[in-house]
Amino acid sequence: MRYQQPKGTFDILPQVPNEEDAWRLSERWQYVEGVIRDLVHAYNYREIRTPIFEMTEVFTSAVGEGSDIVSKEMYTFEDKGKRSLTLRPEGTAPIARAFVENHLVGFGQHHKLYYIGPYFRYDRPQAGRFRQFHQFGVEAIGQKAPEQDVEVIDMMCELYRRLHIPNYTIFLNSLGGEECRVRFLEKLKAFLEPRKEALSEDSRNRLIKNPLRILDSKDPNDRAVLQGAPSIQECLSEEAEAHFTSVRRGLDILKIPYQVAPGLVRGLDYYNHSVFEATSSVLGAQNAIGAGGRYDGLLRRFGGPTLPGVGFAIGLERLLSTMQGVKAPFPPSPHPFIYIIPLGERARELCLSLVCRLRHSGIPAEIFYQPPKLQKRLQEVDKRGTPYCLILGDEEIASGRAALKEMQQRTDETISLTNIEVEIKTLWQRTNARTI
Ligand code: HAM
């Protein structure tokens, strides 16, 4: 039997087989996650972690039975206690559940939460679409003001800026409040019913289960039918219209370019008012690098308070692929400051304690434990870009001095064994001072 990763999953590795897979390098993931942690700090968001699986109803009730996610894509299983559980396909519903269950409202009316982690959707895998993928997301709970919508969109764009991603477009729409949606759905159904024979099979099904989704169908026949369809904008209440205008104004003030997209409805039931999506021009069909919106009634669905919410989630695989596509810079790979090569039995003992002491003082150090072929070891050190290499053999022990090689300039010096640790620490401090 050949063991393989499950379809639609991938490994994140310290080394990858070819340049195309560079987005799977663990160092790149750590770098992006580090930039995200600085970003959330700047915007004052705090971390929330929820379980990888939830009771299935968390998703059926919040994301909606008619959504693709719930109707086709969930990894649902029964546990040994005969409970129906689902690997989380998205983060907003579990956070709403956790918010209500842990009574976070008791700590105040405004909460800004973020999360990074794996999500699961059973869909046909293709470039940029995985069955296990990762999202960075934020949820701002308790703030009705349109500035909050602007803040999360700005935050998304600021992450792209910090990661040097220039080629993306923000699409924006308003779904209005509950009453706008009901009015619009009536109009839309009345328009589509007499034309349903011309719709694709998927859209005919959606006409019963989730007619809004027909609006973002990519099928050319559906697009033709949708010419002249009513627009949700016509059904916005005064209040919804005012909210949308303020969001647009806020984005204009911040000089964030966007396009109003009346067909953007998003696939999840909990949305109302602002919805948005960022697409990258360097990705293929799966080009959404982030998306989100407002969900003012979601907490109530979980028996919680009437608090509004708005947030987004960004797919990290697509983010990293986009960075690769635009040749965004990544920091160089970290490497040890010094390699230690013992030659002989006594030297091994001395070197083992030296390397540990250096590490305990926070100096990245590496040692070759195996009996070495010196030349081969030096080549290896060279390849890894480590600046210093210390060679210690029985001869050096006898003379009381070890050989220190500076790998870039190819210079050699000898340092006294009695204060070897102090000498290396001084070198480390000097090198750090130069690079700061
Ligand atoms: P979503 O649009 O379903 O929204 O997913 C957000 C992002 O996750 C997408 O734009 C994409 O980058 C990434 N993504 C989704 N599915 C996959 C997949 N199969 N493979 C790779 N990447 C994927 C949500 O999940 C909402 N919870 C966002 C939100 C937060 N709305 C409000 N707050």
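Quick look at the structure, then. (Residues numbered from 1 in each chain as written. Predicted model: local features only at pLDDT ≥ 70, side-chain atom pairs only at ≥ 80, totals over all residues. Heavy atoms only, no water.)

## Examining the site of the ligand
The criterion, for reference: By convention in this text, a residue qualifies as near a molecule or strand provided that one of its non-hydrogen atoms is within 4 Å of it. A 3.5 Å cut-off defines polar contacts: any pair of N or O atoms within that distance qualifies, except that in protein one atom must be a possible hydrogen donor and the other a possible acceptor, and neighbouring residues in sequence count only when both atoms are side-chain atoms. For the area figures, the Shrake-Rupley method with a 1.4 Å probe applies, and any residue is considered shielded solely by the protein chains shown. Strands here mean DSSP runs of E at least two residues long; helices mean DSSP runs of H or I at least four residues long; both are numbered from the N terminus. Only Asp, Glu, Lys and Arg are considered charged in this grouping, and only Ala, Val, Leu, Ile, Met, Phe, Trp, Tyr, Cys and Pro are considered nonpolar; every other residue, Gly among them, is considered polar.
The ligand sits among 25 residues. The nearest are Glu90, Thr92, Glu139, Tyr271 and Ala288. In the environment of the ligand, a nitrogen atom lies 2.9 Å from a nitrogen or oxygen atom belonging to the side chain of threonine 92. For the ligand, a nitrogen atom lies 3.4 Å from a polar atom in the backbone of phenylalanine 312. Protein chains shield 95% of the accessible area of the ligand, which is 660 Å² for the free molecule. At the level of elements, β6 (132-141), β10 (288-294) and β11 (309-315) are the ones that each hand at least two residues to the shell around the ligand. Here the shell around the ligand gets 6 residues from one element, more than from any other, and that element is β10. Among the residues forming the shell around the ligand, the class breakdown is 11 nonpolar, 8 polar and 6 charged.

## Points about the packing of aromatic side chains
The test is simple: Each Phe, Tyr or Trp ring (for Trp, its six-membered ring) is paired with any other whose centre lies within 6.5 Å, and the angle between the two planes then decides the class: stacked below 30 degrees, edge-to-face above 60, tilted in between. Lysine and arginine charges are scored as sitting over a ring when NZ or CZ, respectively, is within 6 Å of the ring centre and within 35 degrees of the ring normal.
Under the definition given, this model contains 16 aromatic pairs. Grouping aromatic residues by their ring pairs yields a cluster made of Phe10, Trp23, Trp29 and Phe130. In this structure, arginine 248 is placed above the aromatic ring of phenylalanine 244, and the distance from its NZ or CZ to the ring centre is 4.7 Å.

## Focus on the nonpolar core
Defined as follows: The set of buried Ala, Val, Leu, Ile, Met, Phe, Trp, Tyr and Cys residues whose side-chain atoms join them within 4.5 Å is what this entry labels a nonpolar core. When a residue's accessible area, from a 1.4 Å probe over protein chains only, is under 20% of the maximum for its type it is buried; when over 50% it is exposed; and in between it is partly exposed. Contact criterion: two residues are considered in contact whenever any of their non-hydrogen atoms come within 4.5 Å of each other.
If you look at the biggest cluster of nonpolar residues, it comprises 93 residues, and the most contacted ones within it are Tyr45, Phe136, Met155, Leu159, Phe312 and Leu319. Sort the elements by how many residues they give to this core and helix α5 (residues 146-162) lands first, with 8 residues. If we ignore the near neighbours within four places in the chain, the residues touching phenylalanine 312 are Tyr115, Phe136, Gly137, Val138, Val152, Met155, Met156, Phe276, Ala291 and Gly292. Within the second largest apolar cluster, 22 residues are counted, among which are Ile397, Leu417, Ile424 and Leu427.

## Some details on the sheet that holds strand β12 (residues 338-343)
Convention followed: Strands are labelled as partners when DSSP assigns at least two bridges between them. Axis lines are fitted through C-alpha atoms, for helices just across the contact stretch, and the angle between N-to-C directions can take any value from 0 to 180 degrees.
Taken together, the 5 strands give an open sheet; going across it, the order is β13-β12-β14-β15-β16, and neighbouring strands pair in mixed fashion. If you trace the sheet from one side to the other, it starts and ends with β13 (365-367) and β16 (411-416), each paired once. Taken pair by pair, the neighbouring strands of this sheet meet at an average axis angle of 25°, ignoring direction. Sheet topology note: the strand β15 (residues 401-406)/β16 ladder contains 6 bridges and is antiparallel. Residue pairing across strands places leucine 404 opposite glutamate 413, the latter belonging to β16.

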